[in-house]
Structure formats: structure tokens, C-alpha cells
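Descriptive structure summary
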Number of protein chains: 2
Amino acid sequence: MNPDLAQERRRATFDPEQVTSLLYRGPENVRKRRYLQNAAIQDQVLRGSKPWAFQSRIEQYETALQMYIYMMNKLDEMGVTDPLERMYYQEAGAPHYYNPMALHTGMFIPSIEKQGTKEQKERWLPMARSLQLIGTYAQTEMGHGTFIRGLETTATYDPSSQEFVLNSPTVTSMKFWPGGLGKTSNCCLVMAQLITHGKKRGIHLFFVQIRDLKTHRHMPGVESGDIGPKFGFNSNDNGYLKLSNVRIPRENMLMRYSKVLEDGTYVPPTNQRIGYGTMVFVRAHIVTNSARGLSKACVIAIRYSAVRRQTEVSPGGPEAQIIDYQTQQYKLFPLLATAYAMYFTGRYAEDYYEQIASEIEAGNLESLNQLHAVCAGLKAFSTWACTAGIETCRLCCGGHGYSHASGIPKLYTYYTPGCTYEGENNVMMLQVARFLMKIYPDIKRGGPIHEFVQYLGADLTQKSCMTEEVALGCLLKAFQHRAARLLSDAAARIENLVRSGKSRQEAWDASTVALTWAAKAYCHTFVVRTFSQIVSDAAVDKSTKDVLTALCKLYAIDGIIENLGEFIEDGFFSPHQVSFLKNKLADLLAEIRPNAVALVDAFDYPDKTLDSCLGRYDGQVYPALYEYAKNSPFNEQEVLDSYHKFIKPAQTEQSQRAPMARL
Amino acid sequence: MNPDLAQERRRATFDPEQVTSLLYRGPENVRKRRYLQNAAIQDQVLRGSKPWAFQSRIEQYETALQMYIYMMNKLDEMGVTDPLERMYYQEAGAPHYYNPMALHTGMFIPSIEKQGTKEQKERWLPMARSLQLIGTYAQTEMGHGTFIRGLETTATYDPSSQEFVLNSPTVTSMKFWPGGLGKTSNCCLVMAQLITHGKKRGIHLFFVQIRDLKTHRHMPGVESGDIGPKFGFNSNDNGYLKLSNVRIPRENMLMRYSKVLEDGTYVPPTNQRIGYGTMVFVRAHIVTNSARGLSKACVIAIRYSAVRRQTEVSPGGPEAQIIDYQTQQYKLFPLLATAYAMYFTGRYAEDYYEQIASEIEAGNLESLNQLHAVCAGLKAFSTWACTAGIETCRLCCGGHGYSHASGIPKLYTYYTPGCTYEGENNVMMLQVARFLMKIYPDIKRGGPIHEFVQYLGADLTQKSCMTEEVALGCLLKAFQHRAARLLSDAAARIENLVRSGKSRQEAWDASTVALTWAAKAYCHTFVVRTFSQIVSDAAVDKSTKDVLTALCKLYAIDGIIENLGEFIEDGFFSPHQVSFLKNKLADLLAEIRPNAVALVDAFDYPDKTLDSCLGRYDGQVYPALYEYAKNSPFNEQEVLDSYHKFIKPAQTEQSQRAPMARL
Ligand SMILES: Cc1cc2nc3c(=O)[nH]c(=O)nc-3n(C[C@H](O)[C@H](O)[C@H](O)COP(=O)(O)OP(=O)(O)OC[C@H]3O[C@@H](n4cnc5c(N)ncnc54)[C@H](O)[C@@H]3O)c2cc1C
Ligand SMILES: Cc1cc2nc3c(=O)[nH]c(=O)nc-3n(C[C@H](O)[C@H](O)[C@H](O)COP(=O)(O)OP(=O)(O)OC[C@H]3O[C@@H](n4cnc5c(N)ncnc54)[C@H](O)[C@@H]3O)c2cc1C
């Protein structure tokens, strides 16, 4: 054990186990989580392979495929059915491989479950669960991701044969990006424009078999393949798909909500938004997932910062642990706070989803808009914060952060797509803004509105209650005030533009930057509120609560300082109050310092999950780096072939021009 | 040609050629640049290879080695000696490969030139130029990068044999990271602690041969290798080096400034800082280089944003070019402005370096501190802004940005190390702060100080002169005011802490965040000043100047809005003035909109240099993406071997458990 890390752990003022319990919902769940992680860690098959970074892309894909199939079987054998518990096992078993069948389990099966008829479920689900069908969710096309109503793939109903004829009429209409589509899947749910009786009926889902179930070769009319190497996700064969007159039976349209009758009569769904559930569910989970990414990066960067020593503090004296530099703390501790904030918020969003989901299933869509806006906003807000945070953690590790030995670059490339898929972040923020502007008249009128948005109607002339002590309540009020004011500003801007002669649409379009500011502020407030509420309610001892409270305050104060203009341009804080905040910020960094390592320990990631030379629990960073380097495939030969192929001939050629001197 | 792009070019209100000329210092240089780029583009050998992303790491290394050796010869044949001109050729010839011999040309040879004696130069330079010696610069160790005085490698002088004995006494003392050290180099300059007569004499450079010049095998006592796969730079064999009693002759210490005599007497340099020149030179060039990275990303993202259409503006109407969304403009146009700002600033820093360098060579070190601070600060400021900007550009391309087909991930991994190497950015900012605090008494006293820092003494009670028109002069004054105020705040904080009983060192350590704010504000001001000066001085026609002025204003206003708190917490701007700025910001986005494509065209990067399906000059984005996908190595087989190895057996096993239903 590295002595600095050992000392850090001795110095902590609280018991990390209490925080672990809080994070993972109680000691029983922590025990289960550890049991599953250990099962994965001790498994000889999962241990076998060489580091992912030493593998070619095809090896990465093969390893991932092998491991995930193996883990699927193991989990089935163990009788583990809960998706979160399965994830814990997989995260420790194959931390650095993106599952080629992720879409099969995560989107294909759930979509059939939610949008298929009883018959369809009976027909496809058993086959899907036994891997006879390996499917994916093919929505995005080369030309359309955000605007799904613009998808170009067509499914034209032919009443004579009672079939749909699927086509990709243009280059841009090719499906592009779906996970596992290129090589792994033999079928998929294709989102396509339904045409019956010569009329467009909007987009619907169709079950399409794309490869032969026995030979895995393409079905007639199907062209598909991998889309090529990417920033990350390379163990996944995100794919493209071109359909030419592919015929599927009428029963292959997912018909739980809308239907096409035998004669081609189209029966629309009772409510257009009924299918939103899955989307919202996925977004809620992305929040927790981003928190997971950032928390891993924090574990690595903070442990390493306790081990790394750089620069003598006084001439000839010992070098400081870099975690003792205020600048380093100012980068890392707010991120640590963010990881906690997002983790708690994600959990809250998931719970909220569960609560509303049952209402929705029962056909009560009243809260759907609220839920939809919250999840869209938090998805965007959290992925932005967490992925940028991962990069900051990497940079805080200096040069070594740039090596794949650190594990951080891989975290970044793994989590950054969260900003883009499942609703591009900027577009998400505009949806939040649209929701807020829609209810804005109600807010202004003081009508009965949801508790989440009630504060938006508050009196904007009020000033902050902030004192030197910097109470959580005053911090939260500040966030509420800022969100309310920015919303009111955006609304005023739109009204002004309308008054000056622009149409509503033009005014909106010329205000989307201001609207985004308001939407972000709304999300930010939501996170601060959730974080402080969960910390207040937490059943932990006093010392633990103190630490979490410090973290929560740091999150809020850092959020204010980073966006200071928005908090003070209307004079909400006095200059004096701003100085309270700045002083408190510096104090909090110092206060959190002795608990930083214990706070990352509390995330309870085994070394196998982190897969990082820098983030090791025992702090034996340098021998691990040396080991990583020595094993680099480049070092298998003392002299590479390329020396003989390129260097030597160049030297010979050059020496013929300029005669070689004697060394 | 994509019709949208064609129309963009028609709509531009200025002649991009004038801007190209301004960027590359006149039509003559533009002509040379194009000549060299074309020579590279048309070269059959350089055209040959498959896309870098389809290659394994070892293939990337081999391709890079082959290409750079080839280009070196070609450039020699063509008689091109200017480093910038050589770069133009290489950038077009091998845009996506980091040269395995970059350190040989960029650091090894220049260091010998600058720090070697006449004899040493005569001995090593001809051999280095003819590639008999391939060298690198081995400074960083596993345990030390920032704090080079803490390097642990020792060079102990043995007067009996008149040799130095080099050792890596610990794991952390291993050299780690030097480019080309792992496999390519046969020698290097090792930075080591000199010990003579049993006394430590500080760090010095030693020429050490690490591989046999004929066989390329390791010399006795040398262990070296590649450090393994990294985030990027994978065509380079950044290496490690462990030395065990390696003996080198006395003449192998670089002795232009300090010397060890035959008997071991140590002769120190006349001035400790004499060797700083190279470091400062490199940092000045990193500024321009970062600008190059960001500008490429802007070209790609802005052209693509003009081609990409997403979302109907009015129901059933055409979809908008995404560049028409204000949110998209608000992300991209300030970055475009930043690319220009940094490009001009880098050029200014390079010129300033040249001016001071001759003074320094002549032994006049008066301006060295000023130069040093400027280059350290701009290096950090520009790399932060540019690399974060590259990621924003990538995200602005939606899903396709994440594919290596976009070219942007590679740009990011190529440029982000600029934040770390050649002086870690946070550490650089603290050096700027140290410089500013050192001259702070002079500033306060109003003594004679350099024009760069004169404004820092200005009256802090003054308010902004900003009017609705938003003049450049008022913008610059705002930046100066903010920098002066933040410096004064940091100084006051330190004084307060000292008064409250802390030592100067403790007070400094507890104020580094505030000091960093001040240092950043100083750099930011420098950039705004340089940008506005170069735009004012530019010999271009009025329409061109208008466009550049708009860009410059956008850079400044965006900088204010993004850091608004720092500009208003002391009431420097009134709320009214802030609203002028916000309105102007929106107006400028609209004003720049029609010229955005022409402004990126003006960077004049050939498609080959960009190597991006999204950034193509002709806008044929989608066919290019399809081509990229089809050629993915995964698609060489219709059914991958892994299907037979893993999927099929899993299906069989599963179907034995659950009998297969009929599809
Ligand atoms: C790793 C990865 C995995 C994926 N997996 C899948 C999958 O399994 N299945 C699947 O179907 N898809 C998948 N996708 C695709 C993904 O869902 C889309 O990339 C995503 O929906 C964004 O759409 P886009 O790429 O068309 O971006 P675009 O919509 O083209 O966005 C580009 C830019 O335009 C802006 N923009 C677009 N519309 C508007 C608007 N109305 N207002 C303002 N700004 C706008 C955006 O903000 C963005 O800056 C994946 C993508 C990635 C990167
Ligand atoms: C791609 C790449 C190529 C490279 N090529 C070469 C090469 O060719 N030759 C070579 O010699 N080296 C090379 N390097 C190494 C590089 O020079 C070092 O990584 C760099 O100097 C930073 O040092 P470090 O890694 O020790 O970071 P550290 O100093 O360990 O920094 C880690 C963290 O500690 C903080 N910190 C450190 N000291 C202080 C302080 N005094 N005050 C406040 N904060 C502090 C930093 O801000 C940072 O957040 C390369 C690195 C990379 C990534």
C-alpha cells in the first residue's frame, strides 16, 4: 500500500461505508453489488484477455462478443435478472468493452415488450431471449437523427400480398449508427414512414429480418455493414442498412398502439405520445450512467493526485502531493461534488419515472410532459457536465492521463456519445425551454402548477438572503431566482421581438440562446435541490452528513461562481455576498481535502472496474505503469521490422550523399 | 458541388483570398503554401495508403515512418528548408500521422545547435541530418514532468576514465514519454542530475547512444521500449528508458554554457536562464499550432453545418440548414473567432520571440522574463481554448462527429497534449501570476514598465465607456479593467492572509485559484488586444475589414458574456451596458452567418489536409460517409469468423435449453 494513500484513509473524518450504503440504497444492495463484482473479478474466463488497448479493433469486438455472451449465460445461471445487478457484474467483468449486443437487450427486447401486441411478444421474445434472434433498434439514418419525422425509409403496404415493402430510397435514407447492426444482428426494428392507400401515416416500427438465422448471410434486398472506426465504442459494430424492396408480412409491424388492417386501413394510436415511455426511461438512466463515468474518473484522478508528488514546497524540502495544490483541488473537488450530485439526481429521476410510468401505462398522461421535460433536461445537463469533467480529470493527471494506462481516455470516449444519442443535448434543452414557455402563462398567473416549477413564479425583485455562513437554503434560493429571472428574460425577449414585428416563430428562433440559458438554469436548480434534499434526508451519522453537506455546498457555490454573471447582473447578490461565496469556496476546498480519498473510495469501484494504473486502490502507480509499458505489443521485438524496411535504407541512401562521420 | 455550399460561397460579402493572404503573410507565401500542398497531394507515394483509422497501431507507425522519411527526402530534394514550409507539405502529405521523428527534427537537432559546443555540433549535426543518428529529447521521467529540478536520473563524473556514468536509480527515474524514444531513436539527449566531486550540480543535458548504429540493438546497460497505446499519437513510439551504469565520454555533456573539466571541476553557466530560449520558442509555436487545430475543426463543422439539414422550420416546409439555428451559431462562430484570434496571436508571439531572441543570444536577458511570461501564458490559454473548441465542433456535427470519418476526434487527440507538454497549463498560469505579482509593486508605483502590462496600473474605480454601438476600444478597455482588478484582488487576498498570520508562501498557496483567474484575464486581454490591432492594421478592402472586425468583436463580447461575473462584480458595466452586449452578440451571430463558410474557406485547407468526410470542400458528405463505411475492414467478410466462434455456439446452447420457436 502506498503510504500516502494509507495516510489519506486514516485521516478521513467519516466512515465511507455509510456513503457507499447511501449511494447504492442500503447495505443489502451493497452486499449484492460486491458479490456480483467479485464473481466477475474471480472468473478465470473474464480474466483471460490481454488489455483492450493492446488489441486490434477486430480483437476487441471478438473479445467483447465472447465475454458478453459468457456473462449473459453466467448471469442467467446465477438467476440474476435485475438490469442494474447485471450491469454491476458486467461492469467488473468487461469494463472496457462496449457490448455488441447492448441494443439487443437494451432497446430491441424492451421495445417489443412495450410496443408489440400479445402475439408479437409470444412470437419474438422467446427467440430473442435465447439469442436465435439478435436484434437492434434502427432509427437514425445517415440524414436524420434529431428530426425523426424526417426519416426517409418507407414501408409501403401492399394489400394484395398483405405485406409491407421496405425501401431506402436515397443515400441519406440508409440506417446509420444503430449499435450491433453491422455484423452482430440478424434482425432489427426499423423505424420507417408507413404508407397505406398511397398516404403517408407517419413513422412506425417494423420487425425486419436482415440475416439468415442459420447462415447469418444477408437476406435478399438487404445491404448492411459496419460503419467503420470511431472515437470509441470500437468493440461495437454500429452499422448501416440499405433496404431494397424487402417484403415483410403485415404482422411484422409493431401494432400495440397503431394498426394496419388487412385491407390497408390505418388505425392511428389513441394518443401520439403513448410511445414516449421508453425514451424517457432511457434518458433517466443516462443521468445515473454519466455520474458513473465521472465518478470513475474522479476516483482515478483523486487517488493519483494523492500519490503523485511534484514540486518542492520549500527549497530542498519534500515535494507536495499534487492534491495539496489549491488549483488542483479547484478542478477536482467540484467534479467530485458533481459526480455525487448527478448520481443522486439520476436516482431521483429514475424513481420519479417509475412513479409516473405506472400512471402512463394506465393511460393517464397528465404528468408525461413534466416527466419528459425533466428527463430530457437532466440527460443533457448531466452528460455535458460529466463528460467535460472526465476530460478535466484526465488533464489533472498530467502526461500519464493521456496514456490508455490511465483508463481515462476510454472513459471519455465511452461516455461522450451520451451528449448526442437519445436526444442531442442542445435539442433537449430547447425542448425543456418549450415546456417552460408553455406553462409560463400559468406560472405568471400563479395558477396551480407542479412543485418542480412553482418557484419560477417568484418575485424577481427579491434579493439574496446569503450571509457569511452560506446556508444551503440561501444557495438553493439563488438558483431558483436565477432560473426564474432567465426564463422571464427569455420570455421578454420573445415578446419584444414579436412587438417589433417578427412572427412568433421568428422571435423564438432569434431567442434560442436565451432560452437555452433559462433551460440550463432550470436543470441546474433541479440538481441543487435534489442533492440538498437527499443529503438532508440521508440517514447517516453526523460526521458523514457534515462531509456530504460540504460537498453539496461546494457544488452549489462552484455553480454560482462559474456562472456568476447570471446571478448578479440584476443585483441579486451584493458584492459583499459574492465575497462570502468566494471565501467559502476556498474554505470548502480545504475542508474537503482530508476526505477526498475516502469520498472516492466510497464509490466502491474495484480495481478491475477502473482498469487504471493510476487509480489503483493500493496506489502502486509506477510499477503498474512500467508493467503496462513493458507489455506494449511494440516491445515484442527489440528491433521492429520497420527498422529494416525504412530506417536502414534511408540511412544508407543518406550516407551515400553525405559521407558518414565517425561517432 | 453541394448546392447549399455553392450558395453560401455566392452569398459571402468579402473576398476570402484577402483573408488567406492576411493569414499566411502575403500572396507570395500563399502561393508557396499551395505549391507545397499540391506537391504533397499529387504525390503517388503519399496517396497510397488506406485510411489511418483502418490500420492497426503498428501499421500506423510504419506508414508514418515511411511517409516522413519519404517527405524528408522530397523536401531536401526540393530545397525546402524553412520549417513552416516543410510543415505545410507534411500536413497535406500525412495529415493524420504524428511523425515518429518529430523530436529528432524538432528538439534533438535544435538543442545540439543551441546548447552544443562547436566541436559537438561538428560531430553530431551532420550525422543527425543524414539520419545516421536519430535522436530524441529525454527529459520527462515517470515521476517528474513539471518539476524538472526533481529529475532523478544521475550522471556521475568519473575523473579516472573521464566518463560520466548514467543511472536510473528508481522506477520513477525512468525516462517516460519522449517521442520516438521507444523504437525509432538510436540516441538521445538525456536530462540528468550532474554529480561531480560527490556534489549535485543540477540538471544538464547528455548525449547518450542507446542503440547500436548498425544493428539498432540496445547498447549495454540500456533498457528501452514503447510506453504503450495512448489516447492519440499512436503512430509515435513515445518511449521509456532505463539506464544502468551507462558510460559516456566527458565530451558528451552539452557544454556550451556549463562545463565539467577533465578533473571534474564544474564550471557553472554565467546565467541560469540562458537555456530558456528553446522552451520559449516552442511555446510560441504551440499557440499558432493550436489555432491550426481549432481552425481545421471549424472548417469541418461549419461546412457540414451548411450542408446538414435537420428539422422542418414550418410544418411540411423544407428542413433548415443547421447553421441557421442560433444555438448552433452560438457554439460555432465564437470558435471561428477564437481560431482567428489565436492564429494572429500566435504569429504575434512568434514575431515577438524573434525580436527578443537576438537580444538574448547577445546576452541581453532584460526582456526574457516578459517574453517568458507571455509565451507561457499564451501557450496555456490557447491550448485550453482551442482543444475544448475542437470538441465543441465535434459535438456540433451530431452523431457523425463521433466517427473517425469526420476527422475531428483525431484532431482532438492530436492537439490536446498541448495542454500538458511543454509546460503543464495550470503550472504555466501560475508562472504568469508569479511574473505579474513580481512586477506588481512597479505597476502600483507607476514606474516605467513594459507596454504589455502598463494598463494593469489603471484606476479601478473607472466605469465602462460602452455604448449601444459596442466599440472595439471599449471592449478592450473592459478586458484591461478586469485583468487589472483581478490582479489587484489576488494581491489583496495575499496581503490579507499575510496580515492574518500566514507566511508569504502559505498565503500564496492559499491564493493560487485567485492568481490563476488574474493570469487568465491577463492572457485574454493580450489576445483581444492583438486581434483588434492586427485587424485594424490589416491592409484589406473595406468589406473584408468589416467582416474581420465583426469577428473580433464577437470574440471579445463572447469572452465577456462567458465570464460576465468578472466584468460586473465591481459594477464596471451597468445592467444597461450588459444588455447592449447581449443584443450585439445576437446581432453579430446573424451578421457573420452569411460569411461563415467563406471565413473557413479562407483558412485554405485542402481536403487532403482535413481528411474528413464532413468537411469536404464540395460538400458531398453523404456519399463520402457511405464510402468510408463500406470500406471498413469489418466489411471484408459478409459473415465474420466470430459469428461461427461465438454467436452460433451460443445459439445452439441456448436453443437446447429453450426449444426454438418458428419465426
Ligand atoms: C456512439 C453512437 C451510438 C448510436 N447508436 C444508435 C442506435 O443504436 N440506434 C439509432 O437509431 N441511432 C444511434 N445513434 C445515432 C444518434 O441517435 C444520433 O446521432 C442522434 O440522435 C443525433 O442526431 P444527428 O446525428 O442527426 O445530429 P443532428 O441532428 O444532425 O445534429 C447536428 C447539430 O445540429 C443541431 N440541431 C439539429 N436539429 C436542431 C434543431 N431543431 N434546433 C437546433 N439545433 C439543431 C444539433 O444541436 C447539433 O449541434 C448513435 C450515435 C452514436 C454517436
Ligand atoms: C503526448 C505526449 C508527448 C510527450 N513528449 C515528451 C517528449 O518528447 N519529451 C519529454 O521529455 N516529455 C514528453 N512528454 C511529457 C510531458 O512533458 C509531461 O507530461 C509534462 O511536462 C507534464 O508533466 P507531468 O506529466 O509530470 O504532470 P504533473 O506535473 O504530474 O501534473 C499533474 C497535475 O499536477 C499539477 N501540478 C504539478 N505541479 C504543480 C505545481 N507546482 N503547482 C500546482 N499544480 C501542480 C498539474 O497542474 C497537473 O494538474 C510528453 C507528454 C505527452 C502527453
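Residues numbered from 1 in each chain as written. Chains lettered and ligands numbered in written order. Predicted model: local features only at pLDDT ≥ 70, side-chain atom pairs only at ≥ 80, totals over all residues. Heavy atoms only, no water.

**Remarks on the pattern of salt bridges**
By the definition in use, this model includes 71 salt bridges over all chains. For B:Glu391, the salt bridge goes to B:Arg394, with nearest N and O atoms at 2.7 Å. Taken as a pair, B:Glu391 and B:Arg394 lie in helix H11 (residues 368-396) at a separation of three residues, close to a single helical turn. Per residue, the accessibility class of B:Glu391 equals that of B:Arg394, and both read buried. One continuous salt-bridge network, built from bridges that share partners, spans A:Arg485, A:Asp489, A:Glu569, A:Asp570 and B:Lys582. (Salt bridge = Lys/Arg side-chain N within 4 Å of Asp/Glu carboxyl O. Helix = DSSP H or I, 4+ residues; strand = E, 2+ residues; numbered from the N terminus. Buried < 20%, exposed > 50% of the residue type's maximum accessible area, 1.4 Å probe, protein only.)

**Side note on the relation of the copies chain B and chain A**
Applying a rotation about an axis and a shift along it to one chain copy brings it onto the other copy. Take chain B, turn it by 180°, move it 0.0 Å along the axis, and it overlays chain A with an RMSD of 0.0 Å. The relationship between the two copies is best expressed as a two-fold rotation axis. By C-alpha distance to the rotation axis, the residue of chain B lying nearest is B:Gly565, at 1.9 Å. Here 99% of the contact residues of chain B are again contact residues in chain A; the copies associate through an equivalent surface. (Least-squares fit on C-alpha atoms with pLDDT ≥ 70 in both. Contact = heavy atoms within 4.5 Å.)

**Observations concerning the site of ligand 2**
The local shell around ligand 2 holds 31 residues, among which A:Arg308, A:Gln328, B:Thr140, B:Thr146 and B:Glu424 are the closest. Chains contributing residues near ligand 2 are chains A and B. In the environment of ligand 2, an oxygen atom lies 2.9 Å from a nitrogen or oxygen atom belonging to the backbone of B:Gly145. Here B:Glu424 contributes a side-chain N or O atom positioned 2.6 Å from an oxygen atom of ligand 2. Expressed as a share of its isolated accessible area of 970 Å², the protein-covered part of ligand 2 is 93%. (Near = heavy atom within 4 Å. Polar contact = N/O pair within 3.5 Å; in protein donor to acceptor, adjacent residues only side chain to side chain. Areas by Shrake-Rupley, 256 points an atom, 1.4 Å probe, with all protein chains shown as cover.)

**Notes on the domain arrangement of chain A**
All names here are of chain A. Split by domain assignment, chain A resolves into domain 1 (36-99 + 276-419) and domain 2 (125-269). Between the C-alpha centres of domain 1 and domain 2 the distance comes to 31 Å. Taken residue by residue, the interface counts 15 residues in domain 1 and 16 residues in domain 2. Taking both partners together, domain 1 and domain 2 bury about 1,300 Å²; carbon and sulfur atoms supply 59% of that area. Looking at the side of domain 1 facing domain 2, the largest losses of area belong to Arg57, Tyr61 and Tyr98, adding up to 51% of the total buried there. Linking domain 1 with domain 2 are one salt bridge. Salt-bridge contacts for Arg57 lead to Asp226; the nearest nitrogen and oxygen are separated by 2.8 Å. (Domains from an automatic or database assignment. Buried area = accessible area lost by both parts, 1.4 Å probe.)

**Quick word on the UniProt feature "active site" (unreviewed entry) in chain A**
Residues and elements named next belong to chain A. Within this structure's numbering, the places UniProt gives as "active site" (unreviewed entry) are Glu422. Residue position: Glu422 is located in the loop between helix H13 (408-415) and helix H14 (425-445). By relative accessible area, which is 26% here, Glu422 ends up partly exposed. Setting aside residues no more than four positions away along its own chain, Glu422 makes contact with Met107, Val282, Arg283, Ile286, Lys379 and Met428. (UniProt positions renumbered as here; feature names shortened; annotations may be inferred.)

**Quick word on the UniProt feature "domain: Acyl-coenzyme A oxidase N-terminal" (unreviewed entry) in chain A**
Per the UniProt record, "domain: Acyl-coenzyme A oxidase N-terminal" (unreviewed entry) is annotated on residues 15-134 of chain A. Counting secondary structure, residues 15-134 of chain A comes out at 72% helix and 0% strand; the distance between its end C-alpha atoms is 45 Å.

**Thoughts on the pairing of strand S5 (residues 187-196) of chain B**
Residue and element names in this part refer to chain B. Across the ten residues of S5, ten count as buried, placing the element largely inside the fold. Where strand S1 (residues 135-138) lies against S5, four bridges are found, and the strand directions are parallel. Considered in S5, the bridge of Gly135 is made with Cys187. When S5 meets strand S6 (residues 199-209), the two strands line up antiparallel, connected through nine bridges. Looking across to S6, one finds that Ile195 is bridged to Lys200. The turn linking S5 back onto S6 is made up of two residues, and His197 within it adopts a positive phi angle of 50°. (Pairing = 2+ DSSP bridges.)

**A closer look at the site of ligand 1**
The local shell around ligand 1 holds 30 residues, among which A:Thr140, A:Thr146, A:Glu424, B:Arg308 and B:Gln328 are the closest. In this structure, ligand 1 is bordered by residues of chains A and B. Note that an oxygen atom of ligand 1 is positioned 3.0 Å from one of the backbone N or O atoms of A:Gly179. With respect to ligand 1, the backbone of B:Cys396 contributes an N or O atom lying 3.5 Å from an oxygen atom. When ligand 1 sits alone it has 970 Å² of accessible area, and the protein chains cover 93% of it. Elements supplying a minimum of two residues to the shell around ligand 1: H14 of chain A together with strand S12 (309-312) and helix H10 (326-361) of chain B.

**Describing the state of the cysteines**
One pass over the structure, following the stated rule, counts two disulfides over all chains. Disulfide partner of A:Cys465: A:Cys474, at an S-S distance of 2.3 Å. Torsion about the S-S bond of the A:Cys465 and A:Cys474 cystine: about -135°, corresponding to left-handed handedness. For A:Cys465, a relative accessible area of 36% gives the class partly exposed. Take A:Cys474: its relative accessible area is 10%, and that puts it in the buried class. Here B:Cys386 is not cross-linked by a disulfide; its sulfur's nearest cysteine counterpart is in B:Cys298, at 8.7 Å. (Disulfide = S-S within 2.5 Å.)

**Thoughts on the packing of H10(B) against helix H18 (residues 542-562) of chain B**
All names here are of chain B. One way to put it is that H10 packs onto H18 with a least axis distance of 9 Å and a crossing angle of 115°. The pairing of H10 with H18 is recorded here as roughly perpendicular in orientation. Crossing of H10 over H18 shows left-handed handedness. Listed contacts from H18 to Tyr330, Phe333, Pro334, Leu336, Ala337, Thr338, Tyr340, Ala341 and Met342 of H10 are Leu551, Leu554, Tyr555, Asp558, Ile561 and Glu562. A breakdown of the residues in the contact of H10 with H18 according to their chemical character gives twelve nonpolar, one polar and two charged. (Axes fitted to C-alpha atoms, helices over the stretch in contact; angles between N-to-C directions. Parallel < 35°, antiparallel > 145°, perpendicular 65-115°, else oblique. Left-handed = near helix turned anticlockwise from the far one by under 90°. Nonpolar A, V, L, I, M, F, W, Y, C, P; charged D, E, K, R; others polar.)

**Digging into the pairing of strand S2 (residues 154-158) of chain A**
All names here are of chain A. With respect to burial, S2 is a largely interior element, four of its five residues being buried. Summarising the sheet, S2 and strand S5 (residues 187-196) pair through three bridges and their orientation is parallel. When the sheet's bridge partners are listed, Ala155 is paired in S5 with Leu194.

**Here we look at helix H25 (residues 641-657) of chain A**
Given a rise of 1.5 Å per residue, 17 residues ought to cover 24 Å, and the 25 Å separating the end C-alpha atoms of H25(A) matches this to within 8%. Along its length, H25(A) shows its largest kink, about 30°, at A:Ile647, and proline A:Pro649 lies within four residues downstream of that point. Within H25(A) the residues assigned to the buried category are A:Ser642, A:Tyr643, A:Phe646, A:Ile647, A:Ala650, A:Gln651 and A:Gln654. Along its buried surface, H25(A) packs onto helix H5 (57-78) and helix H8 (118-129) of chain B. (Expected span 1.5 Å × (residues − 1). Bend = angle between axes of the 7 residues up to and from the residue.)

**Remarks on the side chain of A:Glu62**
Position of A:Glu62 relative to the elements: it lies in helix H5 (residues 57-78). Those residues in contact with A:Glu62 that lie beyond four places of it in its chain are B:Asp641, B:Ser642, B:Lys645 and B:Phe646.

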